[in-house]
Every structure is written in C-alpha cells, then in structure tokens.
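Commentary on secondary and tertiary structure
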Amino acid sequence: MDFESLKKSSSNFDAITKALETKLSPEDQSNKNKYQDDRLWKPELDKTGNGYAVIRFLPAANGEEMPWQRVWSHAFQDKGGWYIENSLTTLNHKDPVSEDNTRLWNTGVDSDKEIARKRKRKLSYYANIFVVSDPKHPENEGQVKLFKFGKKIFDKITEAMQPAFEDEKPINPFDFWKGANFKLKIRKVDGYWNYDKSEFEGVSQLKEADDQIKAIWEKQYPLKPFVDPSNFKTYDELKEKLNRVITGTQSTTTVDEVDLPPQQSTSSVEMPKVNESKPASEDDDTLSYFSKLADED
C-alpha cells in the first residue's frame, strides 16, 4: 500500500478492526545483538514509582498490512536454568511447553497445575510508535520506535476501536490523520506495573503537513519478521531444550545470553532474525521480571 492509499483507507481501519476478532489461541537463530536495541522504546518510572509518556500508535509499515504483530512466549526457571523462548503457538503450530502444560493440568493434581501456571504463555504485541512526549528521556521525542506491550494496553486499543457504549465513537488509534495520542500512565500496584489509568486523547492529526507524516511513515520498522517461521526454533529443538531445563542434565541459556532482533529499518533489504526473549517493559531487574511472568495477566 502506497502513502496515498494509506490516507484514503483511513490507515486500513476495516482490516485491522477485523483482525481484533481473530482468535488468539493456536511465538533460534539470531544475530548476536544483546539486550540493547535502539529501536525498542520503553517507559521509565520516576522516583515516586509512577510513569508517564505520550505516544502515537502508527499504521502498518510500507509493504505490510497490519500495524501490530503478536507473539506468544514462555519464560520460566527449573533445575537446568531458564527456558526463555518464543512459542510455536504464535504460528498456530504445536509447542512442547503448551503440550506439557496440558498434560500437567489434566492430571488434576494441584502441584502439577501450579507447575503449569508457572510455565504459562505470555502474550506480547509489537507496534511502531511515534514518541510525542517522554519526560524521563526527552531525547526520544519525535522519534519512531518499536513498542512491546501486553494485553492490558492492547485492551485499551480494542476499546477505542470497538467502544462498548453508544455515545462513544470508534476511532482507529493507528491512523495518522484521524487517530489519537495515547497517554501512557503507569503505577506500581502490588509490585507490578499497572496501566489502568492510561487513555487515548481526542482525535487529532499527528502532523500538520502530509510530507511530515510521510517522513514518519518511511521511518517505520517492519513487523513481519517477528512472526516469520524461519526465526523460530523447531519443535524438536524446543523439546530438547525443555527436557534439559526440566531435568537439569545440562546447563542451558542464561538470561545474559538471550539475544534481541538486530537493528533494522523498512528500507533495509535483509529481514532480521528475531528473538524477542528480552522484554522491553516492566522491570529493570531481568531475573525479577522473568520470575513474575507466570503471575501476570
């Protein structure tokens, strides 16, 4: 889709609204690029434990249809270390962890169910954003970034596109011209980041001139690599790693060895390898973050 088509289609509103109804049920090889990825943006809490920023969700990148991609993953620790991998259920394929969780749950034994809970899938979304305001890091303002977020924020997007009340008009948050800025408000509640107070502003055009908007669109990053099957480990590879982690027969990947997708822009020819194991959200303490994954919504 070219830029003019994007504008005429209201940033493909009909297609992405339909995608909201997609059933969520039935996420390696990578270049060595540790943890820090300049593409990824994350908010930061202040000294009081609150966080605030204003961002704008952007439409699909050039050559792509959807403005987000979703990825299921697992992150848990056992005798053999950490298991931090994308789940093949992202691709609607069988995944060894999900299969083992089903087996454990079906035993009816409480201890088995608790193990399954600790190993449950986590759903993450990736989208391009424009950073409108970032008080903690003003150097990010005016930049196009990748944003990784969870179900709570995606629910806010869904509510904006499919409001529950008749007096509320649906909007496309991903539209340059008729979208809305998102006020990200974070509080610490029981040790976890809470986004309940986050909200969309009124409808507004991101920039006054189309040439300014087009310049932003051309800086967006491709999202399809996050769900490219070639960037997922095979079932057998994941099964072998799961066995090692559960039994402790051999040391496995530590948190410090987990990779991130390499730097990439829409104009690049080669598509990046993807491993989204290290999150761009919740905790600064990596071990603390992964130990809490099982309890998050």
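Residues numbered from 1 in each chain as written. Predicted model: local features only at pLDDT ≥ 70, side-chain atom pairs only at ≥ 80, totals over all residues. Heavy atoms only, no water.

1. Structural notes on unusual backbone geometry
Here is the rule: Note on conventions: DSSP H or I runs of at least 4 residues are helices, E runs of at least 2 residues are strands, and numbering of each starts at the N terminus. Under the scheme applied here, a residue whose accessible area is under 20% of the maximum for its type counts as buried, over 50% as exposed, and between as partly exposed, the area being computed with a 1.4 Å probe on protein chains only.
With a phi angle near 60°, N92 is a residue other than glycine that sits in the positive phi range. Assignment of secondary structure puts N92 in the loop between β4 (81-86) and α3 (96-106). Residue classification places N92 among the exposed residues on the basis of a relative accessible area of 51%. At D190, a position not held by glycine, the phi torsion is positive, near 55°. Residue position: D190 is located in the loop between β7 (179-189) and β8 (192-194).

2. Here's the deal with the packing of aromatic side chains
For the record, the criterion: For Phe, Tyr and Trp, where Trp contributes only its six-membered ring, two rings pair if their centres lie within 6.5 Å, and the inter-plane angle classes them as stacked under 30 degrees, edge-to-face over 60, or tilted in between. Placement of a charge over a ring requires the Lys NZ or Arg CZ to be within 6 Å of the ring centre, with the centre-to-atom vector within 35 degrees of the ring normal.
This structure, assessed with the given rule, holds 15 aromatic pairs. Both rings, one in F176 and one in W177, keep their centres 5.7 Å apart while their planes meet at 85°; by these two values the pair is edge-to-face. Classification of F176 by relative accessible area gives buried; the value is 1%. Connected via pairs of aromatic rings, a cluster forms that spans W41, F57, W68, Y125, F147, F149, F154, F174, F182 and F200. One residue, R39, lies across the ring of Y221, its end atom 5.9 Å from the ring centre.

3. Looking at the nonpolar core
Put simply, the test is: Definition of nonpolar core: a set of buried residues of the types Ala, Val, Leu, Ile, Met, Phe, Trp, Tyr and Cys, connected through side-chain atoms within 4.5 Å. Should any heavy atoms of two residues lie within 4.5 Å, those residues are considered in contact.
Ranked by internal contacts, the top residues of the largest apolar core, which has 30 residues, are W41, F57, F147, F149, I153, I157 and L184. The contacts of F147, once residues within four sequence positions are left out, are W41, P43, I55, F57, Y125, Y126, A127, I129, I153 and L184. Counting 18 residues, the second largest nonpolar core, distinct from the first, contains L6, L40, V71 and F226.

4. Here we look at the side chain of N231
This is how it is decided: What qualifies as a polar contact is a pair of N or O atoms within 3.5 Å, subject to a donor-acceptor requirement within protein and to the restriction that residues adjacent in sequence count only when both atoms come from side chains.
Relative to the helices and strands, N231 resides in the loop between α6 (210-217) and α7 (235-247). For N231, a relative accessible area of 3% gives the class buried. In terms of polar contacts, N231 uses its side chain to reach the backbone carbonyl oxygen of P225, at 3.0 Å.

5. Considerations on the pattern of salt bridges
For the record, the criterion: Any carboxyl oxygen of Asp or Glu that lies within 4 Å of a side-chain nitrogen of Lys or Arg is treated as forming a salt bridge with it.
This structure, assessed with the given rule, holds 12 salt bridges. The shortest N-O distance in the salt bridge between K241 and E85 comes to 2.6 Å. Remark: E85 occurs in strand β4 and K241 occurs in helix α7; sequence separation between them is 156 residues. Take K241 and E85: they sit in the same class, and that class is buried. One salt bridge connects E199 with K185, and the closest N-O pair in it is separated by 3.2 Å. Here K185 lies in strand β7 and E199 lies in strand β9 (residues 199-204), a separation of 14 residues in the sequence. Residue K185 is classed as partly exposed on the basis of its relative accessible area, which comes to 25%. By sharing partners, the salt bridges in this structure join D78, D100, R103 and R119 into a single network.

6. Details of helix α5 (residues 151-161)
So the rule is basically this: Directions drawn from the helix axis to the C-beta atoms are what define this arc.
Taken together, the buried positions of α5 are I153, F154, I157, A160 and M161. The buried residues of α5 occupy an angular sector of 115° when the element is viewed end-on, so they sit on one face.

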